[in-house]
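These are the residues of each chain, in order.
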Amino acid sequence: MKITNQLIRSKTRQSSLQSIKYLNLSNLEICILEKLGSCCKLQSLNVSHNLIESIPTTIEQCPQLWSFNVSNNKVQSLDGFGRFVAIGTLDLSNNQLSWFELSKLQHLHILDLRLHGNSQLEKDPYYRIHVIDCLPNVWMVDGRLVTTAERIQVKLFFDDSAVSERPVRHKLSASRSFVPSTQKNREVNGIFGDRVIHLMQRFPRQDVFNIDLDVRRLQYLSENMAQDIIVHSSNLSQRREVKAVISETFLVEMLETRKHDALRCNMFIMLLLTSLEFKIPDSLFKETLELMKLDKFGNVNGMEVFALSRESRALVSGILLSAVKVERVDKQTGGLYDKLYLCLNYLLTECIKSCSEKVVLLFPEFY
């Protein structure tokens, strides 16, 4: 199927294409990304579960693009990101990407990147290490925060490997040998949407990499993810008559509450992950939350979080587990034993993978 203005109008309630901010074109057998120039204010684009093989430069016609879901396609080329400076969420999971193609993302600041399900990448036993090594500006990979300490560990891994009997080679060189002239000076030629400008103001290029930066990034991620979750919840409420009452600051408030109540937060994380793995009646969850005194998590209503979609609950779990990760870097246990912490991260990774495979069922038709 081809993308046309008529198709776009059929998938949105907006009267004007120029005013569309959120667009869902998933599961339509689309082969080519085109005809998006009229959607100049588009911030969130979902084209998952299609037949797309490349990301063309036509996406430059959407300078405000901040959330881009192109999972479950046949993407092999990422040429379209050359002039982009930053993006909030980029879901490239379950495609056909190679390590070479990732070189086209090296310049890009990506807050939340999903790459799982690309067989050429995941078959490498050091998959996450290589992704972090290849992409110096990514904040979160497959739902797990990349801390300053983890980047140092990746560097040490390659340093130690270089003097071993079987060294592990870098997948990409530190810089690409050829860069098109239109991409050489992105401060002039780059695409700066409103949210990109806000990001650059909060996180200037000269920022020092340390644990304080990790904490600031985690809070910024929580602010952005909360906005995305509310949009998705609002659209689900319109289609399914589900009441969407979650606050825009709920993730930030949960992180603040964790600072003085880590134990209850850990119990909340485990219950959230349980809800992702098993189908449990809402009434039982409500009784459990009340019994464990988790029905109120600071100013956040615990049951409202459990009423979110499965994918949104996975995002919340990722943010809360990332807070534990930062605490452990700061010589704190985070209230979780090592084996339990690793098990929870593994479970979260598997849940995120399954959510991506079923994303078309979780998002409403209309954005």
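Below you will find a few notes about this structure. (Residues numbered from 1 in each chain as written. Predicted model: local features only at pLDDT ≥ 70, side-chain atom pairs only at ≥ 80, totals over all residues. Heavy atoms only, no water.)

Looking now at the overall build of the chain. Each helix and strand in the chain was counted, giving 16 helices and nine strands. For the chain, the proportion of contacts with a sequence separation of at least 24, taken over those separated by at least 6, is 55%. Carbon and sulfur atoms make up 52% of the accessible area of the chain, which amounts to about 17,600 Å² in all. Of the side chains in the chain, 45 bear a positive and 41 a negative charge, and the two mean positions are spaced by 3 Å. (Helix = DSSP H or I, 4+ residues; strand = E, 2+ residues; numbered from the N terminus. Contact = heavy atoms within 4.5 Å. Areas by Shrake-Rupley, 256 points an atom, 1.4 Å probe, with all protein chains shown as cover. Lys, Arg positive; Asp, Glu negative; His and termini not counted. Charge placed at Lys NZ, Arg CZ, Asp CG, Glu CD.)

Another aspect to go through is empty space enclosed by the protein. In total, this model carries four cavities of 30 Å³ or more according to the counting rule given. What the second largest cavity holds in volume is close to 90 Å³. In terms of lining residues, the second largest cavity is bounded by 11 residues, among which R114, E311, I352, C355 and S356 are the most central. Of all elements in the fold, only α14 (310-329) and α15 (338-357) reach the threshold of two or more residues within the lining of the second largest cavity. For the lining of the second largest cavity, the per-class residue count stands at five nonpolar, three polar and three charged. (1 Å grid on protein atoms, 1.4 Å probe; cavity = no way out; pocket = protein on both sides within 12 Å on 5 of 7 lines; lining within 4 Å. Points joined across faces, edges and corners; volume = space filled by probe spheres on them. Nonpolar A, V, L, I, M, F, W, Y, C, P; charged D, E, K, R; others polar.)

Bringing the nonpolar core into the picture now. Within the largest apolar cluster, 55 residues are counted, with the highest numbers of intra-cluster contacts made by F250, M254, F268, V305, V316 and L320. Listing elements by their share of this core, those giving two or more residues are α8 (194-202), α9 (211-240), α10 (250-258), α11 (262-277), α12 (282-291), α13 (302-306), α14 and α15. Take this core: its biggest share by element is nine residues, from α14. I20, C39, L108 and I191 belong to the second-largest nonpolar core, a separate cluster that totals 51 residues. (Core = buried A, V, L, I, M, F, W, Y, C linked by side-chain atoms within 4.5 Å. Buried < 20%, exposed > 50% of the residue type's maximum accessible area, 1.4 Å probe, protein only.)

Turning next to the pattern of salt bridges. Scanning the model with the defined rule gives 18 salt bridges in all. Salt-bridge contacts for R114 lead to D91; the nearest nitrogen and oxygen are separated by 3.7 Å. Here R114, found in strand β5 (residues 109-114), pairs with D91, found in strand β4 (residues 86-91); they are 23 residues apart in sequence, far enough to count as distant. Residue R114 is classed as buried on the basis of its relative accessible area, which comes to 8%. What makes D91 buried here is its relative accessible area of 5%. (Salt bridge = Lys/Arg side-chain N within 4 Å of Asp/Glu carboxyl O.)

Topologically, K259 is positioned in the loop between α10 and α11. Residue classification places K259 among the exposed positions, given a relative accessible area of 62%. Spatially, the C-alpha atom of K259 lies 9.6 Å from that of E327, the residues being 68 residues apart in sequence.

Turning our attention to the pairing of β5. For β5, a buried count of six out of six residues is recorded, marking the element as mostly surrounded by other parts of the structure. With five bridges joining them, β4 and β5 adopt parallel strand pairing. Bridging from a neighbouring strand, I87 pairs with I110 of β5. (Pairing = 2+ DSSP bridges.)

A word on the environment of R151. As for its placement among the helices and strands, R151 is situated in helix α5 (residues 148-162). Among the residues examined, R151 registers a relative accessible area of 19% and is labelled buried. Through-space distance from the C-alpha of R151 to that of L221 is 18 Å; in sequence the pair is 70 residues apart. If sequence neighbours within four positions are ignored, R151 has contacts with I132, L135, P136, N137, V138 and V146. A polar contact of 3.4 Å, which involves the side chain of R151, links it to the backbone oxygen of P136. (Polar contact = N/O pair within 3.5 Å; in protein donor to acceptor, adjacent residues only side chain to side chain.)

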